[in-house]
Amino acid sequence: MPTSGPASGVVEKGRYHEGSMKPFSHEELGVKSGRAKDPVKYLLSTEQRARERQIAYETVRLLREDVIECYRREGVNHYENCKDVTEKYYNVVIKKDMGQLHPKWADPAKHDGW
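What to know about the pattern of salt bridges
At step 1: Tallied over the entire structure, the rule returns four salt bridges.
At step 2: One salt bridge in this structure joins R61 and E58, with 2.8 Å as the shortest N-O distance. Within this pair, R61 and its partner E58 are both found in helix 1 (residues 39–74), separated by three residues, close to a single helical turn.
At step 3: Using a relative accessible area of 34% as the deciding quantity, one classes R61 as partly exposed.
At step 4: Note on E58: relative accessible area 30%, which makes it partly exposed.
At step 5: Connected through salt bridges with shared partners, the residues E58, R61 and E65 form a single ionic network.

In structure tokens, the structure reads:
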């Protein structure tokens, strides 16, 4: 949803991505030895999961700022005028891990929450 700038009145693009992304490649730890088959790929996938988690946190933060801004702008009419902004925020917050992108795990129960 475009928003207008405070001083310029120019319409800005949305501050977050609304599309869908593909899961990233990953390397799991071995079952018997507990070591990854490819340690470099394992470390890269760990870093990618951390980046994805940070993106999810920042998306929620930006949506929360939009809700606060709308509530302040609309005043007592925020129940009617901020419904779409609030619904977008709510739909992201209720998702598991706030919509964080996860790879396809061999055993999803083992990696719940990561």
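Let's talk about the state of the cysteines
At step 1: In the structure shown here, the tally under the stated rule is one disulfide.
At step 2: Across a sulfur-sulfur distance of 1.9 Å, C70 and C82 are joined as a disulfide pair. Taking the sign of the torsion about the S-S bond as the criterion, the disulfide between C70 and C82, at about -95 degrees, is left-handed. Of this pair, C70 sits in helix 1 while C82 sits in the loop between helix 2 (78–81) and helix 3 (83–93), and the two are twelve residues apart along the sequence.
At step 3: Given a relative accessible area of 1%, C82 falls into the buried group.

Side note on helix 3
At step 1: Looking only at helix 3, the buried set comprises V85, Y89 and V92. What you see down the axis of helix 3 is that its buried residues fit within an arc of 65 degrees, all on one side. Among the exposed residues of helix 3, those oriented more than 90 degrees off its buried face are K83 and Y90.

Overview of the environment of R49
At step 1: Assignment of secondary structure puts R49 in helix 1.
At step 2: Residues R49 and P103, spaced 54 residues apart in sequence, show a C-alpha to C-alpha distance of 8.6 Å.

Definitions and cut-offs
Residues numbered from 1 in each chain as written. Predicted model: local features only at pLDDT ≥ 70, side-chain atom pairs only at ≥ 80, totals over all residues. Heavy atoms only, no water. Salt bridge = Lys/Arg side-chain N within 4 Å of Asp/Glu carboxyl O. Helix = DSSP H or I, 4+ residues; strand = E, 2+ residues; numbered from the N terminus. Buried < 20%, exposed > 50% of the residue type's maximum accessible area, 1.4 Å probe, protein only. Disulfide = S-S within 2.5 Å. Arc of directions from axis to C-beta.

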